[in-house]
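Chains, contacts and geometry: an overview
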Amino acid sequence: QVQLVESGGGLVQAGGSLRLSCAASGRTFSSYVMGWFRQAPGKEREFVAAISWNGGRTYYTDSVKGRFTISRDNAKNTVYLQMNSLKAEDTAVYYCAATRSTYYSVDYREYDYWGQGTQVTVSS
């Protein structure tokens with residue numbers, strides 16, 4: 001069992017930056033592929049980024065490539081999402097998630113554990 005708690009969301013102007021954190025409980029955090037998803041009002045939850053168990057591989061949806069960076073610190077049981085050059089269309093609730101799969105997925109249904117979400121609002 002893994003419990004995930006996100007933090008770091010807030011209100012920022014377009015072009016600004018935020019760093020989201022996701023703290024995980026449990027001693028097996030390093031064995032999970034971790035992902036970030038987001039959900040805007042009236043839209044489906046969408047994949048943002050994922051990172052392999054050791055941080056060696058990262059994956060991004062096209063709309064955030066070059067602007068967002070996912071990273072993890074297994075010693076701290078934490079995964080991060082650094083978001084730069086934020087746009088109004090990045091406004092959403094951001095969720096971190098963990099999957100027991102050995103490979104990442106862009107399908108939120110493949111993830112086993114979820115945080116409660118943190119709101120990111122980008123004003124234009």
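Anything mentioned here points back to the structure above.
We now turn to the structure provided with this report. (Residues numbered from 1 in each chain as written. Predicted model: local features only at pLDDT ≥ 70, side-chain atom pairs only at ≥ 80, totals over all residues. Heavy atoms only, no water.)

1. Notes on the state of the cysteines
Tallying each qualifying case throughout the model produces one disulfide. Across the disulfide, Cys-22 is cross-linked to Cys-96 (sulfur-sulfur distance 1.9 Å). Measuring the twist about the S-S bond at about 40°, one finds the Cys-22-Cys-96 disulfide to be right-handed. Of this pair, Cys-22 sits in strand S3 (residues 18–24) while Cys-96 sits in strand S9 (residues 92–99), and the two are 74 residues apart along the sequence. Given a relative accessible area of 0%, Cys-22 falls into the buried group. For Cys-96, a relative accessible area of 0% corresponds to the buried category. (Disulfide = S-S within 2.5 Å. Helix = DSSP H or I, 4+ residues; strand = E, 2+ residues; numbered from the N terminus. Buried < 20%, exposed > 50% of the residue type's maximum accessible area, 1.4 Å probe, protein only.)

2. Observations regarding the sheet that holds S3
Spatially, S1-S3-S8-S7 is the arrangement adopted by the four strands of the open sheet, whose pairing is antiparallel. Edge positions in the sheet fall to strand S1 (4–7) and strand S7 (68–73), since each of these pairs with one other strand and no more. Taken over all neighbouring pairs, the strand axes of this sheet differ in orientation by 15° on average, direction set aside. By the bridge criterion, six bridges tie S3 to strand S8 (residues 78–83) in an arrangement that is antiparallel. By the bridge assignment, Ala-23 is partnered in S8 with Thr-78. (Pairing = 2+ DSSP bridges. Axes fitted to C-alpha atoms, helices over the stretch in contact; angles between N-to-C directions.)

3. Let's talk about the environment of Arg-109
If you trace the backbone, Arg-109 turns up in the loop between S9 and strand S10 (113–114). Its relative accessible area of 63% is what places Arg-109 among the exposed residues. As a C-alpha pair, Arg-109 and Tyr-94 span 15 residues in sequence and 16 Å in three-dimensional space.

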